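Letter by letter, the chains look like this.
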Amino acid sequence: MLGPVILAASRSDKMRRLVSAAPVTKPVVDRFIPGETVDQVIPIVQELAGKGLEVTLDVVGEDITTAEQATAARDAYLRLVERLAPLGLGAGAEMSVKLSMFGQSLEGGHELALANVRPVVEAAAAIGTTVTLDAEDHTTLDSMFAIHEELRKDFPQTGCVIQAYLFRTEDDARRLAANGSRVRIVKGAYKEPASVAYQDKAEIDKAYVRILKILMAGEGYPMIGSHDPRLIAVTQELARRHGRKLDEYEFQMLYGIRSEEHVRLAAEGHRMRVYTAYGTDWYGYFMRRLAEKPANLLFFVRSMITKN
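The shown structure was predicted, so the numbers you read here are calculated from the model rather than taken from an experiment.

A few words now on the overall build of the protein chain. A tally of regular secondary structure across the protein chain gives 13 helices and eight strands. Counting every atom, the protein chain has about 13800 Å² of accessible surface; 55% of that belongs to carbon and sulfur.

Below, the structure written as C-alpha cells:
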C-alpha cells in the first residue's frame, strides 16, 4: 500500500528537499548508489568483475528540462565509455539509459533522444559492449520501442526493457521475442493507473511468469530483472524446459540488494549482471527502490531511527 505513496513522493520537490537534507540519507543511498562520479564507480565495476559478475551502468537523472541538459547526459555516457574501454570487459560492462534523460519529453523529443543516444550506442559497440533502453512510464513506451527498433538496424544487440505490470506487455514480449531482441523483464516501478496496469502484487507476479514463458520460448535473449527467489527458480525451470544453455539468458539484480545471491548464481555458472547506478541526481532512482520492496523502506526507516 505504501508503494504508490512513495512513487508520488518521488515527483515531489518538497519531499526531495526533506529526504536530501536528512542526515541519515547519504549512508542509506550509498547502499544502492555507490558513487556520484565515474571515477568512483569504475573501481566498483572492477571489484564486481573480480567476483565473476557483469554490470549494467546507469548514470542517474531523468527530469531534464533543456536540450543542453540532454547533451550533457549524452556526454556523461560517452565519458563512461572512455573509462570502460581500457578495462577490456566488453559485454561484461554494458550501459542502461533512460531516454527521458536524452530529451525524450522535450519539444521534438523523439528525434532529439534518438540523436543523443545513437552516439552512445556507437561508442559502446566500438569497445565491444552495448546499451539497454530502460522502460519508463507507459506514455513513453511507443517512442522507446520505435527508437529501439531504429537502433537495432545498425546495432542489433541494443536491448530494451519491458514491465510486467502493464497490460500491453505480453504483446510487446511476443513481438520482441520473435525479433531476437535482448529483453530485460522487470515488474515495474512507476505509478501507473488501473486503466493500463495491474495494481495487485499477485496479478503482477502472474503476469511476470506469463511474459517470462513467452521470452524463454522465443528467439531472443531474456534478461531476468528480479530478486524474487520464486521467479529465479521459475526461470531456471523454463530454461531447462526449452533447452537454453547458461549463456543464453541472464539474471539481473540491483547493486546493494541480495549481494550474496549475485555471487551464488555466478558461481553456478549463470550470467549474473548487477544494475549499478551512479550520479548526483539520485533522488528519483532512490525513491523507486524504496517503493519496489518493503524491506528497502524498512531499511531506510530503521537507519533513521538508529542514527537519530
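We now examine the packing of aromatic side chains. Across all of its chains, the model carries three aromatic pairs by this definition. The interplanar angle of 80 degrees and the centroid separation of 4.8 Å between the aromatic rings of Phe167 and Tyr198 together place this pair among those described as edge-to-face. In this pair, Phe167 is assigned in the loop between β4 (159-163) and α8 (169-178) and Tyr198 in the loop between β5 (182-186) and α9 (201-217), connecting sequence segments 31 residues apart. Judged by centre distance (5.9 Å) and plane angle (85 degrees), the rings of Tyr249 and Phe251 are edge-to-face.

On to the pairing of strand β6 (residues 221-225). In terms of residue burial, β6 counts as a mostly covered element, since five of its five residues are buried. Neither face of β6 is open: one carries Tyr221, Met223 and Gly225, the other Pro222 and Ile224, and all of them are buried. Bridge count for β5 against β6 is four bridges, and the pairing is parallel. Looking at β6, one finds that Arg184 is bridged to Met223. With respect to chirality, the unit in which β5 leads through α9 into the neighbouring parallel β6 is right-handed. Note: β6 against strand β7 (residues 250-254), three bridges, orientation parallel. When the bridges of β7 are listed, Met223 appears paired with Glu250. Between the parallel pair β6 and β7, the chain is carried across by helix α10 (residues 229-241), and the sense of this crossover is right-handed.

As a further point, take the nonpolar core. If you look at the biggest cluster of nonpolar residues, it comprises 72 residues, and the most contacted ones within it are Tyr77, Leu80, Val117, Leu133 and Ile162. Formed by five residues, the second largest nonpolar core is a distinct cluster that contains Phe32, Ile33, Leu254 and Tyr275.

Attention now moves to the packing of helix α4 (residues 38-50) against helix α5 (residues 67-84). It is the contact of α4 with α5, at a shortest axis distance of 11 Å, that shows an interaxial angle of 45 degrees. One way to sum up the angle between α4 and α5 is to call them oblique. Crossing hand, α4 versus α5: right-handed. Each of Val38, Asp39, Ile42 and Val45 in α4 lies in contact with α5, whose residues at this interface are Leu80, Arg83 and Leu84. Considering only residue class, the contact of α4 with α5 consists of five nonpolar, no polar and two charged.

Moving on: the side chain of Thr56. The topology assignment puts Thr56 in strand β1 (residues 54-59). With near-sequence residues (within four places) excluded, Thr56 lies in contact with Glu94, Met95, Ser96, Arg184, Gln252, Arg273, Val274, Tyr275 and Thr276.

So, about the environment of Thr71. Note that Thr71 resides in helix α5. Since its relative accessible area comes to 28%, Thr71 is described here as partly exposed. Sequence separation of Thr71 and Phe102 is 31 residues, and the distance between their C-alpha atoms is 7.0 Å.

Moving on: the packing of helix α6 (residues 109-126) against helix α7 (residues 141-152). Between α6 and α7, whose axes approach to 11 Å, the crossing angle comes to 40 degrees. Considering their axes alone, α6 and α7 lie oblique with respect to each other. The two elements α6 and α7 cross, and the hand of that crossing is right-handed. Taking contact as the criterion, the partners of His110, Ala113, Leu114, Val117, Arg118 and Val121 in α6 are, on α7, Ser143, Ala146, Ile147, Glu150 and Leu151.

Turning next to unusual backbone geometry. Its identity is not glycine, yet Arg258 carries a phi of approximately 55 degrees, on the positive side. Checked against the element boundaries, Arg258 lands in the loop between β7 and α11 (259-267).

Reading the values: the criteria
Residues numbered from 1 in each chain as written. Predicted model: local features only at pLDDT ≥ 70, side-chain atom pairs only at ≥ 80, totals over all residues. Heavy atoms only, no water. Helix = DSSP H or I, 4+ residues; strand = E, 2+ residues; numbered from the N terminus. Areas by Shrake-Rupley, 256 points an atom, 1.4 Å probe, with all protein chains shown as cover. Phe/Tyr/Trp six-rings, centres within 6.5 Å; stacked < 30°, edge-to-face > 60°. Buried < 20%, exposed > 50% of the residue type's maximum accessible area, 1.4 Å probe, protein only. Pairing = 2+ DSSP bridges. Right-handed = clockwise from strand over helix to strand, strands pointing away. Core = buried A, V, L, I, M, F, W, Y, C linked by side-chain atoms within 4.5 Å. Axes fitted to C-alpha atoms, helices over the stretch in contact; angles between N-to-C directions. Parallel < 35°, antiparallel > 145°, perpendicular 65-115°, else oblique. Left-handed = near helix turned anticlockwise from the far one by under 90°. Contact = heavy atoms within 4.5 Å. Nonpolar A, V, L, I, M, F, W, Y, C, P; charged D, E, K, R; others polar.

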